[in-house]
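Listed here are the chains, written in short residue letters.
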Amino acid sequence: MDLRNASMVTEFILLGFSGPWELQVFFFVTFTLIYGATLMGNILIILTVTFSSALRSPMYFLLGNLSFLDLCLSTVTTPKMITDLLAEHRAISLWGCMAQMFFSHFFGGAEMTLLIAMAFDRYVAICKPLHYRTIMSHRLLRGLVVLSWITGFIHTLSQMVLIINLPFCNYNVIDNMFCDLPLVIKLACIETYTLELFVIADSGLLSLICFILLLISYTVILVTVRQRSSGGLSKALSTLSAHIIVVTLFFGPCIFIYAWPFKSFSGNKILVVFYTVITPLLNPLIYTLRNQKMQEAMRKLHSQNVRSMEVF
């Protein structure tokens, strides 16, 4: 293609969900409620972990960071997705599209790494309880959180430095609710086969490796609990099975989208909804709000706030 005779793209058109007006309104109300619940749930967890003296253990420190990442990841894509449902012109600027891809992979990559850190924390707590406080020191915790952010940054930067200079001309329609690497790369005016392979190797392998490591860690934990206490197995199985479901809902779509050959990828919007809308809501429900100690800390903080307001 002669790029000199092609009109360069300044914005992309997001097709989003297609259907009758009533269906668009239904999606608008549903996603708005889910996003509102995601914001409230994750903010509540962050505030509780920050101000509750009873939640000073490494596990809750990691859970608070997970909630912050979920909050950021959901905010990168969901508000735009919601407003576009009732908009006639569903456009996003070229740089807005690039920013959306950068931050979605930044927070997504950081969350994947943090989930590995959380699994390691549970492994140490269950398999090496006598050495838990020694191993999971404040220095190690800060290092794990910083490592997750660095991993997310390197992950997204390694891809964006190659994509940001791609020429986009003429065709600018993305069959999705937001900008994402597989669909945007296919709109470039040049051959992108090598770049597609790099994205598969980067995003696809990162998702697959993290998912396998999590499954291995959960398996080791279950085997250890089974060997030590048959009574604790049912409780551990109940807790970890819920974790595995959430992890599968998050990593499953990522693996399918980024590890699948680009020409075979149809842009399944249901998969996209799972890891951008549903999972950020399920994480606080499964990992944190079901926790009895977290519930008690929330009630205690609420009571303290009520008493403080009564004094004033």
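Residues numbered from 1 in each chain as written. Predicted model: local features only at pLDDT ≥ 70, side-chain atom pairs only at ≥ 80, totals over all residues. Heavy atoms only, no water.

K.L.:
Is there a simple way to think about the environment of Glu296 in this case?
P.N.:
The topology assignment puts Glu296 in helix H10 (residues 292-311). Taking the relative accessible area as the measure of exposure, Glu296 reaches 41% and is therefore partly exposed. Through-space distance from the C-alpha of Glu296 to that of Ala54 is 9.2 Å; in sequence the pair is 242 residues apart. (Helix = DSSP H or I, 4+ residues; strand = E, 2+ residues; numbered from the N terminus. Buried < 20%, exposed > 50% of the residue type's maximum accessible area, 1.4 Å probe, protein only.)

K.L.:
Where do I start with the packing of helix H1 (residues 21-51) against helix H2 (residues 58-85) in this structure?
P.N.:
Axis angle and axis distance: for two packed helices, these are the angle between their axes and the distance between the axes, and together they describe the pair. Contact geometry for H1 and H2: axes closest at 9 Å, N-to-C directions at 155°. With respect to H2, the axis of H1 lies roughly antiparallel. H2 is crossed by H1, and the crossing has left-handed handedness. Along the lines of polarity and charge, the residues of the contact of H1 with H2 split into 18 nonpolar, nine polar and one charged. (Axes fitted to C-alpha atoms, helices over the stretch in contact; angles between N-to-C directions. Parallel < 35°, antiparallel > 145°, perpendicular 65-115°, else oblique. Left-handed = near helix turned anticlockwise from the far one by under 90°. Nonpolar A, V, L, I, M, F, W, Y, C, P; charged D, E, K, R; others polar.)

K.L.:
What's the story with the pattern of salt bridges in this structure? I'm lost.
P.N.:
Side chains that differ in sign of charge can pair as their charged atoms come close. Within this structure, the stated rule accounts for two salt bridges. For Lys80, the salt bridge goes to Asp84, with nearest N and O atoms at 3.3 Å. Of this pair, Lys80 and Asp84 both sit in helix H2, separated by four residues, roughly a single helical turn. On the basis of relative accessible area, Asp84 is assigned to the buried category, the value being 7%. Measuring nitrogen to oxygen at the nearest pair gives 2.9 Å for the salt bridge that ties Arg122 to Asp121. (Salt bridge = Lys/Arg side-chain N within 4 Å of Asp/Glu carboxyl O.)

K.L.:
I keep staring at the packing of helix H3 (residues 94-127) against helix H7 (residues 193-228) and nothing clicks. Help me out?
P.N.:
Following both chains from N to C, one finds H3 and H7 inclined at 15°, their axes separated by 10 Å at the closest point. Regarding the angle of H3 to H7, the classification is roughly parallel. Our pair here, H3 against H7, has a crossing hand that is left-handed. Residues His105, Gly109, Met112, Leu115, Ile116, Ala119, Arg122, Tyr123, Ile126 and Cys127 of H3 form the contact with H7, whose own contacting residues are Ser203, Leu206, Ser207, Cys210, Leu213, Leu214, Ser217, Val220, Ile221, Thr224, Val225 and Arg228. Residues that form the contact of H3 with H7 fall into these classes: 14 nonpolar, six polar and two charged. (Contact = heavy atoms within 4.5 Å.)

K.L.:
Is there a simple way to explain the sheet that holds strand E2 (residues 91-93) in this structure?
P.N.:
Hydrogen bonds between backbone atoms are what pair the strands of a sheet, whose relative direction is either parallel or antiparallel. Pairing within the open sheet is mixed, and its three strands lie in the order E2-E1-E3. Single-partner strands in this sheet number two, and they are E2 and strand E3 (173-174). Two elements, strand E1 (residues 11-14) and E2, share three bridges in a ladder whose sense is antiparallel. If you follow Glu11 over to E2, its bridge partner there is Ser93. Docked against the sheet, H3 engages E1, E2 and E3, running at close to 85° with respect to E2. (Pairing = 2+ DSSP bridges.)

K.L.:
Which parts of the structure should I look at to understand the packing of aromatic side chains?
P.N.:
The geometry of an aromatic ring pair is captured by the separation of the ring centres together with the interplanar angle, meaning the angle of the planes. Per the stated rule, a full pass over the model turns up 14 aromatic pairs. Seen in terms of ring centroids, Phe211 and Phe251 are 6.0 Å apart; in terms of plane orientation they differ by 35°. Their pairing is tilted. With Phe211 in helix H7 and Phe251 in helix H8 (residues 230-259), the pair connects residues that are 40 residues apart, well separated along the chain. Here the aromatic cluster, defined as three or more aromatic residues joined through ring pairs, consists of Phe68, Phe102, Phe103, Phe106, Phe107, Trp149 and Phe153. (Phe/Tyr/Trp six-rings, centres within 6.5 Å; stacked < 30°, edge-to-face > 60°.)

K.L.:
Would you explain the UniProt feature "transmembrane region" (unreviewed entry) in the chain in this entry?
P.N.:
If you check UniProt for "transmembrane region" (unreviewed entry), the listed places come out as residues 25-47, 59-82, 102-120, 140-164, 205-225, 237-258 and 270-289 in our numbering. This span, residues 59-82, is 100% helix and 0% strand, and a straight line between its end C-alpha atoms measures 33 Å. Here residues 102-120 is 100% helix and 0% strand, with 28 Å between the C-alpha atoms at its ends. (UniProt positions renumbered as here; feature names shortened; annotations may be inferred.)

K.L.:
Please explain a nonpolar patch on the surface as it appears in this structure.
P.N.:
Residues Val146, Ile150, Phe153, Ile154, Leu157, Val161, Leu162 and Phe198 make up a contiguous nonpolar surface patch of about 670 Å² in total accessible area. Here the nonpolar patch takes seven residues from helix H5 (residues 138-163), the largest share from any one element. Take Ile154: it is sitting in helix H5. (Patch = residues over 30% accessible without salt bridge, like charges linked within 9 Å, V, L, I, M, F, W, Y side chains within 5 Å. Areas by Shrake-Rupley, 256 points an atom, 1.4 Å probe, with all protein chains shown as cover.)

K.L.:
What is the right way to look at the nonpolar core in this model?
P.N.:
Soluble globular proteins: nonpolar side chains tend toward being buried together. Of all hydrophobic cores here, the largest spans 65 residues; its most connected members are Phe31, Leu115, Met118, Phe251 and Tyr287. Other than its neighbours up to four places away in sequence, Met118 contacts Leu62, Leu63, Leu66 and Tyr287. (Core = buried A, V, L, I, M, F, W, Y, C linked by side-chain atoms within 4.5 Å.)

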